[in-house]
There are 2 protein chains.
Amino acid sequence: MNVLVVGSTALDSIKTPLREKPRLLGGSASHAAVAASFFAPVQLVGVVGDDFPRRYLNLFLKFKLNLEGLQRRPGKTFHWSGEYEINMNNRRTLKTELGVFEDFQPDLPESYRRAPFVLLGNIAPKLQHHVLDQLRKPRFVLADTMDLWLNIAKPDLLRLLPRVDALVLNDSEARQLTGLDNVIAAIPAIHRLGPRYVIVKKGEHGSILSGPKGLFLAPAFPLAKVVDPTGAGDSFAGGLLGYLASQPGPIELNLRRALVHGAAVASYWCEDFGLARATKLTTADINRRTRDLMSLTRTT
Amino acid sequence: MNVLVVGSTALDSIKTPLREKPRLLGGSASHAAVAASFFAPVQLVGVVGDDFPRRYLNLFLKFKLNLEGLQRRPGKTFHWSGEYEINMNNRRTLKTELGVFEDFQPDLPESYRRAPFVLLGNIAPKLQHHVLDQLRKPRFVLADTMDLWLNIAKPDLLRLLPRVDALVLNDSEARQLTGLDNVIAAIPAIHRLGPRYVIVKKGEHGSILSGPKGLFLAPAFPLAKVVDPTGAGDSFAGGLLGYLASQPGPIELNLRRALVHGAAVASYWCEDFGLARATKLTTADINRRTRDLMSLTRTT
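Treat the numbers as computed from the prediction; the structure is a model and nothing was measured.

Draft legend 1. Structural context of the sheet that holds strand β10 (residues 166-170) of chain B. All names here are of chain B. The sheet built from 9 strands is open, its strands ordered β5-β4-β1-β8-β9-β10-β11-β12-β13 with mixed pairing. In this open sheet, the two strands that pair with only one neighbour each are β5 (66-72) and β13 (214-218). Each adjacent strand pair in this sheet contributes to an overall mean axis angle of 15°, direction not counted. Here β10 runs beside strand β11 (residues 197-201); their pairing, made up of 5 bridges, is parallel. For Asn 170, the partnering residue across the bridge sits in β11 and is Lys 201.

Draft legend 2. Molecular detail of the interface of chain A and chain B. Taken residue by residue, the interface counts 29 residues in chain A and 29 residues in chain B. When the buried area of chain A at its contact with chain B is split by residue, His 205, Leu 217 and Thr 299 of chain A rank highest and sum to 25% of it. One can count 0 salt bridges joining chain A with chain B. The interface formed by chain A and chain B includes 12 residue pairs in polar contact (both at pLDDT 80 or more). For the side of chain A that touches chain B, the secondary-structure elements that each account for two or more residues are α7 (183-192), β13 (214-218), α9 (251-269) and α10 (283-296) of chain A. Across the side of chain A that touches chain B, the residue classes break down as 15 nonpolar, 7 polar and 7 charged.

Draft legend 3. Representation of unusual backbone geometry. Unusually for a residue other than glycine, Lys 137 of chain A sits at a positive phi of about 50°. Tracing the backbone through its elements, the reader meets Lys 137 of chain A in the loop between α3 (125-134) and β9 (140-144). Since its relative accessible area comes to 80%, Lys 137 of chain A is described here as exposed. At Arg 23 of chain B, a residue that is not glycine, the phi angle is positive and equals roughly 50°. Tracing the chain through its elements places Arg 23 of chain B in strand β3 (residues 20-26). On the basis of relative accessible area, Arg 23 of chain B is assigned to the partly exposed category, the value being 37%.

Draft legend 4. Spatial organisation of the relation of the copies chain A and chain B. For these two chains of identical sequence, chain A goes onto chain B by a turn of 180° and a shift of 0.0 Å along the axis, with RMSD 0.0 Å. The superposition operator between the copies reduces to a two-fold rotation axis. Proximity to the rotation axis, assessed at the C-alpha, singles out His 205 of chain A in chain A; its C-alpha lies 3.0 Å from the axis. A shared interface surface links the copies, since 100% of the contact residues of chain A are contact residues in chain B too.

Draft legend 5. Looking closely at the nonpolar core. By size, the foremost hydrophobic cluster in this structure holds 108 residues, and its most contacted members are Leu 4 and Leu 120 of chain A together with Val 34, Phe 60 and Leu 142 of chain B. Examining the composition of this core, we find that 11 residues originate from one element, helix α9 (residues 251-269) of chain B, more than from any other. Discounting chain neighbours no more than four positions away, the residues touching Leu 4 of chain A are Gln 43, Val 45, Leu 108, Tyr 112, Ala 115, Phe 117, Val 118, Leu 119, Val 131 and Leu 135 of chain A.

Draft legend 6. Expanded view of the packing of α9 of chain A against α10 of chain A. Residue and element names in this part refer to chain A. Where α9 contacts α10, the axes come no closer than 9 Å and their chain directions differ by 115°. In terms of orientation, α9 lies roughly perpendicular with respect to α10. The crossing of α9 and α10 is right-handed. On the side of α9, the interface is formed by Arg 257, Val 260, His 261, Ala 263, Ala 264, Val 265, Ser 267 and Tyr 268, while α10 contributes Asp 285, Ile 286, Asn 287, Arg 288, Arg 289, Thr 290, Leu 293 and Met 294. For the contact of α9 with α10, the class distribution of residues is 8 nonpolar, 4 polar and 4 charged.

Draft legend 7. Inspection of the packing of aromatic side chains at higher detail. Residues and elements named next belong to chain A. Throughout the structure, instances matching the rule amount to 16 aromatic pairs over all chains. Both rings, one in Phe 52 and one in Phe 60, keep their centres 6.2 Å apart while their planes meet at 20°; by these two values the pair is stacked. For Phe 52, a relative accessible area of 8% corresponds to the buried category. For the pair Phe 78 and Phe 101, a centre-to-centre distance of 5.1 Å together with 15° between the ring planes defines the contact as stacked. Of the two residues, Phe 78 sits in the loop between β5 (66-72) and β6 (79-84) while Phe 101 sits in the loop between β7 (91-97) and β8 (117-120), which places them 23 residues apart along the sequence. Linked through ring pairs, Phe 52, Tyr 56 and Phe 60 together constitute an aromatic cluster. Positioned above the aromatic ring of Tyr 56 is the side chain of Arg 55, whose terminal nitrogen or guanidinium carbon lies 4.6 Å from the ring centre. In this structure, Lys 62 packs its charged tip against the face of Phe 63, placed 5.1 Å from the ring centre.

Draft legend 8. Examining the pairing of strand β7 (residues 91-97) of chain B more closely. All names here are of chain B. The pairing of strand β6 (residues 79-84) with β7 spans 6 bridges and is classified as antiparallel. Each residue of the ladder has a partner; that of His 79, found in β7, is Glu 97. A loop of 6 residues connects β6 with β7, the two strands running antiparallel in sequence, and Met 88 in this loop sits at a positive phi of about 65°.

Draft legend 9. Representation of the pattern of salt bridges. All names here are of chain B. Applying the stated criterion across every chain yields a total of 20 salt bridges over all chains. Across the pair Asp 51 and Arg 23 runs a salt bridge whose closest N-O atoms are separated by 3.4 Å. Placement of Asp 51 in the loop between β4 (42-48) and α2 (54-62) and of Arg 23 in strand β3 is noted, with a sequence separation of 28 residues between them. Residue Asp 51 is classed as partly exposed on the basis of its relative accessible area, which comes to 23%.

Draft legend 10. Just the sheet that holds β7 of chain B, in detail. Residues and elements named next belong to chain B. Here we have 4 strands laid out as an open sheet, ordered β3-β2-β6-β7, and mixed in their pairing. If you trace the sheet from one side to the other, it starts and ends with β3 and β7, each paired once. Going across the sheet, the axis of each strand differs from the next one's by a mean of 20°, ignoring polarity. Taken strand by strand, helix α1 (residues 28-36) contacts β2 (10-15) and β3, and its axis lies near 65° from that of β3. Contacts between α2 and the sheet are confined to β2 and β3, with β3 contributing the most and set at about 50° to the helix.

Calculation criteria
- Residues numbered from 1 in each chain as written.
- Chains lettered and ligands numbered in written order.
- Predicted model: local features only at pLDDT ≥ 70, side-chain atom pairs only at ≥ 80, totals over all residues.
- Heavy atoms only, no water.
- Pairing = 2+ DSSP bridges.
- Helix = DSSP H or I, 4+ residues; strand = E, 2+ residues; numbered from the N terminus.
- Axes fitted to C-alpha atoms, helices over the stretch in contact; angles between N-to-C directions.
- Contact = heavy atoms within 4.5 Å.
- Buried area = accessible area lost by both parts, 1.4 Å probe.
- Salt bridge = Lys/Arg side-chain N within 4 Å of Asp/Glu carboxyl O.
- Polar contact = N/O pair within 3.5 Å; in protein donor to acceptor, adjacent residues only side chain to side chain.
- Nonpolar A, V, L, I, M, F, W, Y, C, P; charged D, E, K, R; others polar.
- Buried < 20%, exposed > 50% of the residue type's maximum accessible area, 1.4 Å probe, protein only.
- Least-squares fit on C-alpha atoms with pLDDT ≥ 70 in both.
- Core = buried A, V, L, I, M, F, W, Y, C linked by side-chain atoms within 4.5 Å.
- Parallel < 35°, antiparallel > 145°, perpendicular 65-115°, else oblique.
- Left-handed = near helix turned anticlockwise from the far one by under 90°.
- Phe/Tyr/Trp six-rings, centres within 6.5 Å; stacked < 30°, edge-to-face > 60°.
- Lys NZ or Arg CZ within 6 Å of the ring centre and 35° of its normal.

Rendered as structure tokens:
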């Protein structure tokens, strides 16, 4: 089944302790859509400027993304510059140039409006609402967010939560959203805000799924070297939703395996800058690492 | 089979954001020995002063610890004071009074010298050597350590590592020991220092076992409230070694399950101050939580 992905499509300039890479293909929707495409057909919603390199459009096409919903506007593509610290866990934003993203209105092509699986990638909650308003009875809506929206658009985000099936956020965001220091205590508080499923990302420490069947602790793949974690969270969400869309049967029964597939995808994402590792990746690679991850947590 | 536990036996004065508890029973050997006693007979090696409360000796006896190796000396019992920050992850030492621990020589009673399972709890590496020197062919020796010994006794610790089967340490200590920022990269470097098995503790994020059969990622039990994490690492090591000592068959085959039992034990330890939760605990409780932990990581 189809996956609709909305979010940012951007150029990322990334500095790590070892290297610097200017104007890579980035943005929450780019990472999530490419990740989901390993499992299911993807409809992309985003906006780029007239400086968006042709080779990046070709990259999207290589992954067979439906680009009918990718707007091209006069002006500059959203450009993010960031820098990672030596441990690769902490990053700081050096510069954000919104460009054509400033007036982005994610209007969906008619063919997108019946998408059964929907990823509201990390963009302003107002835009996430705008996408939801145009959809006809999606089967499963997963929303991502970030600390920025908790700071500047919390009321919009709180209105969004009862409208989505699942919220994915990282541990510090779970604390910020609830005001609770303990992530395990924060989870029921997030459920009370609306979503039936809550997924808390903990980076190298894995992730936690909470739903009607209780908790599931998903591992992260143990990487001895992280080259660039940019997009890891987006690819995790995209991979898990793509996997869900590809599986028959009740979502509840597929969700745990979906998190492990997402973790496998995200681990590959960290192995090179931007989407470089993704372009060499196969679904067989992902399935193999997913099996490896499952055996890493088995006691027998 | 028997477990020999050596380490500190202390009085702990603990401050958390909510409460303050003076002169609790503490020390690495106390926590580890009580934890191991849920699974196997335990021989305790330690030293206390003449101020050591009778009720704490009774507590040891309640857990059927063999106290033949617990020396009682004129002077004061080792006293540690520490304070936890609001997130319960960071602690700082307020005061350390060594007392009779200053001249501690862990001389083993004859009946202890054939112990098959040995936990060299967190004490000076010189004392860990001294215990090893007195043992006759132990089957499995697990050593614990802490940042203090990496700072002031690293050469002794490096001489110890080839003499033990397994080293347990936390993630920041793994980084400090190897100079490597990535824990997964640090693990093979620690193996090269000697131990066949390396166990890296990550607190609420679980632990990693590395051995000839590769890696195992053990979960931590998701606690919505941590009252006092003091002794969690010691009880984890004690619980896992006690479980190992209680199981027939090759150690390699039991180790993964041993880590999960250790994690279950450690989670109970965090639910109250000092050994308060332990005194109300049953082996059935531990086994139930171990099963719960295993199901929290299962995908089907």
